[in-house]
Each structure stands twice: as C-alpha cells, then as structure tokens.
Amino acid sequence: MSKIGTESNPLRVAIIGAGPTGFYTAEHLFRRKDLVVEVDMFERLPTPYGLVRYGVAPDHQKIKSVTKVYDKTAQKPGFRFFGNVELGKHVTVADLRQYYHQIVYTTGAQTDRQLGVPGEELKGSYPATEFVAWYNGHPDYRDYEVDLSQESAAVVGIGNVAMDVARILARTPEELAKTDIADYALEALRQSKIKDIYILGRRGPAQAKFTTPEIKELGEMEDAEVVALPEEAELDEISQAELANADRGTVSTVEVIQSYAGKELQGKSRRVHVRFLVSPVELIGDENGQIVKMRLVKNELYKTESGSSRPRATDQFEEIPVGLVFRSVGYLGVALPDVPFYDKWGVILNQEGRVMNPETKEPVLGEYTGGWIKRGPSGVIGTNKPDALETVTHMLDDLAEGKVLEPIPSAAEAVLALIQERQPDYFTYEDWLSLNELEEARGAENGRPRVKFTSVEEMKAALGKSQVPAVES
Ligand code: NAP
C-alpha cells in the first residue's frame, strides 16, 4: 500500500461533532498541501455549526458570519457530512476504528453545572443552557416550557452566557423580531411579563467574566435599563490590587459597571439589576413548588495561597422576589460511549488533544479530541482554532511515526453503505445548504435573517425526505 496521505491512500479522518472546532480541525488538515485527506464529519443533529447555530445569541448575528469559513471547508474535495447520525446510536467507536486512520471528538459541552443549593429542583428553576437552546430553536428543546408569566427573574453567574440570557429576557418583541430567534420563542417572549432581571455575581466587578461589549450592550436596549448598586460597584482592596495589573478589557468592564452605579432611572419598562458579591443559598417555593424568592448571602473576597481571589460568605443575608431562576455557572461536557472521560472536569481524558487510556496512561491509538470537550467550556469561538491546531499537530506527528489505525480497503464506500443502512435519514451538506436557503427565504419575507426549522421532521419534510407536510415553526 502506498504512503498514507497520497491520492491512492488518503489520510482518512472521522470528526465527531460539527461545531466550530470540528470545522477548524478539518480546515487545518485540508491546509496541508503535502497530504491528501478525506474527512467525514458526523453530527447528531441534521444541521452543522453547533453552538454557532444553537448557542450564539440571536441578536448577535455578526458573530454567526463565521459559518462562511466553515462552508468553504465543507466544499473541499474529500469532505463529507453525515448529519442526524449519532455516535453510540448509529455508529460506534469500534465501527469508526475500522474505517479511519484517525478519529477526532469535537462534541463540545452539552449540559451545565449546578448550583448545589436547596430548592434548585423547584418549578421555575432552569439551566441557562436549556433556555439558550430553546430560544435558538434546538430540536431537542422546542417543546421546553419556560414560565414567562413571572415578573422577576434571576440569572446566576456573570459570564457572557448570563449576559445573553438577560438580554433576551429584557429586549422588546420588536428588537427580537429582527433576529433569527425561534418563532415559538418570539411568540412566548412577546407575552412575557418579566419586569426585573437580576444578574448575580458571586465575586466583584473586577472578577466579572463577561466582556466589555456585552456589559455595554446591556445599557443600550430599547426599553430596559441597567441598575447597579454603588456600594457593590466600588472595588475592595483585593480588587483594586487586581485591577492595577489587569488587562485593558477588565479595566473597561469595571468602568462601564461603575458608570451604571447610582444612575437615575429613566422609567423604562424593564430593569436589569447587576449585582456583585452575592451567592444564592436557597431557592424558596410556594405551596405549589413554584419559586417565589431567593435567599442570598453577601460575600467578601479573600486571597488564596495561589493568589486568586475567591468569595467567602459573610453573616449578612437578603431575599429577592423571583419566580424564575436561570443558573448560568458554566457548561459541562457529556461523556461519549466508549471514550475515556474525566468526570471531575467534564472533559475527555486527553493530553493536548491525544485521548488517553486511564489504565495504561498511554495515548489511545488513533483517537483525538478538540474544543470544549478537550479543555472545558472557555474562550470565544476563535479560541477553538489554535486549540484544533494543537490537536492536528499531534495527529500529524503520530502519522509521521506510523501511529495510526488501519482502515479496511474501500473504507469510504463501506462507511456510506453502513450509514445508509443504520440511518437512512442522514443529512448531507447539500441538504444543509438547501435548508439554509429555505430558512433564509422564510426570513426574508419578514425582514429577518432566517426563520429556523426547529424539528428534524420539519427539516425532512422541507427537503421532501418524508411524507409529513412542512409546518411553520
Ligand atoms: P463563564 O464565562 O465561565 O462564566 C461562568 C460564571 O459563573 C462566572 O461568573 C462564575 O463565577 C460563575 N459561577 C460559577 N460557579 C458559580 C456558583 N457556584 N455560584 C455563583 N456563580 C458561579 O461561562 P459562560 O458564561 O457559560 O460562558 C462560557 C464561554 O463561552 C466563555 O468563555 C464565554 O466568554 C463564551 N461566550 C462568549 C460569548 C460572546 O463572545 N459574546 C457569548 C456566550 C458565551 P467565578 O468567576 O467566580 O467562578
């Protein structure tokens, strides 16, 4: 057999998960002029782009234009997309090991971290991740029920996801109607009774994880205004010292927060209260198990031995009336069947992208990982590009040393036959491009970027893949 990576013997790579990291991994591989590569990308959903489609806030359309780069990658000869195909259900790791030299898991982080406080299971308490998936039209969450008849909501955590959730709750229907928010979410939010939104940070303004454009944007909404308490916006000694050595972004973020503090209210319909140095200690329900208030403890900061600042509870408590609580304290990766996992961090057990065997502590031959399921849920979309490069570099080093799997002869045809047999309803990239055009056309009728299809059945019907008539979402 000729050398791997040539016309007669291309390097065969399976990528599991069609989010940004999956595409960056494929892009880095196709960039190698000295290699002929075949990439099969498997995705549980019919549609590509992962969190760019189902995570990025609908009022942040510009960020979504990054998908143009992914489409370019998808046009490379040697690229195939198998959407609506799930690892563990339609194909197994053992199957893939027969057909590819290398397998890369780029499945992101699909669930969330919990607060671990009493009352978290009450009616009205939701993971932000699910609310985000719901308003973005994720097929798994279209029937999710969020009770927007409440007047007051809390978002726990001060990262950019918390900002997204707060904005979507605070924006007017007119603002939302210009976006690609799911139609059902637009209707539900049109009826929303929410007046007050509390964003709760356990540390101070200098330790906020959200970025300056996001906190600024909060103050630029049509009919909502930001409330910050002067005593919480003021920095304690620990924070002042941190800020003296902080980057420009953190300094600007603190400045924006302080500009909100004590500002006179303009009488807009909704208020976004940005609170600092408070932690929920209990969610309190009524006789029907519906959250009615949240008990908070005031925190103070202390320095750990490693020099980081941590929150510590004081003996001061308060209660705020809230009927809805969205915990937004970080995403968490989900283990894949037959792939070594490190539960504590919610990541695939790996060293710089090489999947590791927990018993032998050696790399698993031919298996790699990238993105949030490799390093945890941090960074912006672009952070995944160098992350993917690190993994690809190790893949190519291993290839050079002959440390790759051995696919069976005619593996490309064999994979196609297997998928056709196990999941006849798979979606190709051409299917996605057709769906994309249809969604954009539906949007253009209403001055919106797109109107998403939000169920697999709807997508199949729109492409004439099933007998069910296409219904409007
Ligand atoms: P994140 O940035 O890690 O923020 C998580 C927040 O939860 C932090 O404020 C953290 O506080 C807090 N937290 C953690 N445990 C807590 C607890 N037990 N009680 C109270 N608060 C707690 O995570 P994220 O917001 O989910 O965002 C994930 C990644 O996606 C980030 O890198 C983010 O920048 C990115 N993202 C970017 C955009 C954008 O660019 N527009 C939009 C969305 C998401 P501590 O700091 O004290 O731990």
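Definitions and cut-offs
Residues numbered from 1 in each chain as written. Predicted model: local features only at pLDDT ≥ 70, side-chain atom pairs only at ≥ 80, totals over all residues. Heavy atoms only, no water. Pairing = 2+ DSSP bridges. Helix = DSSP H or I, 4+ residues; strand = E, 2+ residues; numbered from the N terminus. Core = buried A, V, L, I, M, F, W, Y, C linked by side-chain atoms within 4.5 Å. Buried < 20%, exposed > 50% of the residue type's maximum accessible area, 1.4 Å probe, protein only. Contact = heavy atoms within 4.5 Å. Axes fitted to C-alpha atoms, helices over the stretch in contact; angles between N-to-C directions. Near = heavy atom within 4 Å. Polar contact = N/O pair within 3.5 Å; in protein donor to acceptor, adjacent residues only side chain to side chain. Domains from an automatic or database assignment. Salt bridge = Lys/Arg side-chain N within 4 Å of Asp/Glu carboxyl O.

Draft legend 1. Local environment of the pairing of strand 11 (residues 278–285). In the sheet, strand 11 pairs with strand 12 (residues 291–303) via seven bridges, with the strands oriented antiparallel. Among the inter-strand pairings, L283 is bridged to a residue of strand 12, identified as M294. Counted along the chain from strand 11 to the antiparallel partner strand 12, the turn is five residues long, and its residue G289 has a positive phi close to 80°.

Draft legend 2. Geometry of the nonpolar core. Grouped together as the largest cluster of nonpolar side chains are 49 residues, with contacts concentrated most on W134, V146, L169, I215, L218 and F326. Looking at which element gives the most residues to this core, the answer is helix 7 (residues 160–170), with seven residues. Dropping the residues within four chain positions of it, F326 is found in contact with Y126, A128, F131, V146, A154, V155, V156, V165 and L169. If you look at the next biggest cluster of nonpolar residues, it comprises 38 residues, including F23, L35, Y49 and F427.

Draft legend 3. Quick peek at the sheet that holds strand 9 (residues 224–228). Sheet architecture is open: six strands sit in the order 6-14-7-8-10-9, paired in parallel fashion. In this open sheet, the two strands that pair with only one neighbour each are strand 6 (125–127) and strand 9. Each neighbouring strand pair of the sheet contributes to a mean axis angle of 20°, computed without reference to strand direction. As paired elements, strand 7 (residues 152–156) and strand 8 (residues 196–200) share five bridges and run parallel to each other. Note that in strand 8 the partner of V155 across the bridge is I199. Along the sheet, helix 6 (residues 128–135) contacts strand 6 and strand 14 (324–327); its crossing angle with strand 6, the most-contacted strand, is approximately 75°.

Draft legend 4. A look at the environment of A411. Mapped onto the secondary structure, A411 falls in helix 16 (residues 411–422). The class for A411 is buried, based on a relative accessible area of 5%. Separated by 311 residues in the primary sequence, A411 and Y100 have C-alpha atoms spaced 7.5 Å apart. Apart from the residues within four sequence positions on either side, A411 is in contact with R12 and Y99.

Draft legend 5. View of the site of the ligand. Around the ligand there are 20 residues in total, and I158, R202, R203, E214 and G379 lie nearest to it. Contact between the ligand and K209: an oxygen atom at 3.2 Å from a side-chain N or O atom of the residue. For the ligand, an oxygen atom lies 2.7 Å from a polar atom in the backbone of G379. Broken down by element, the residue count for the shell around the ligand peaks at three residues, all from helix 7. Inspection of the shell around the ligand shows a minimum of three residues originating in each of domain 1 (11–110 + 333–427) and domain 2 (113–330).

Draft legend 6. Seen up close, the sheet that holds strand 11. A sheet is described by the order of its strands in space; here three strands give the open sequence 11-12-13, paired in antiparallel fashion. Looking along the sheet, the strands with just one partner apiece sit at the ends: strand 11 and strand 13 (309–321). For this sheet, the mean angle separating the axes of adjacent strands, direction not counted, is 20°. Relative to strand 12, helix 12 (residues 237–244) is tilted by about 65°, and along the sheet it contacts strand 12 and strand 13.

Draft legend 7. View of the pattern of salt bridges. A complete count under the given rule lists 40 salt bridges for this structure. Of the charged contacts in the structure, one is a salt bridge between D40 and R80, with a shortest N-O distance of 2.8 Å. Of this pair, D40 sits in strand 2 (residues 37–43) while R80 sits in strand 3 (residues 79–83), and the two are 40 residues apart along the sequence. For D40, a relative accessible area of 2% puts it in the buried group. With a shortest N-O distance of 2.5 Å, R448 and D183 are connected by a salt bridge. Here R448, found in the loop between helix 17 (429–444) and helix 18 (456–462), pairs with D183, found in helix 9 (residues 183–190); they are 265 residues apart in sequence, far enough to count as distant.

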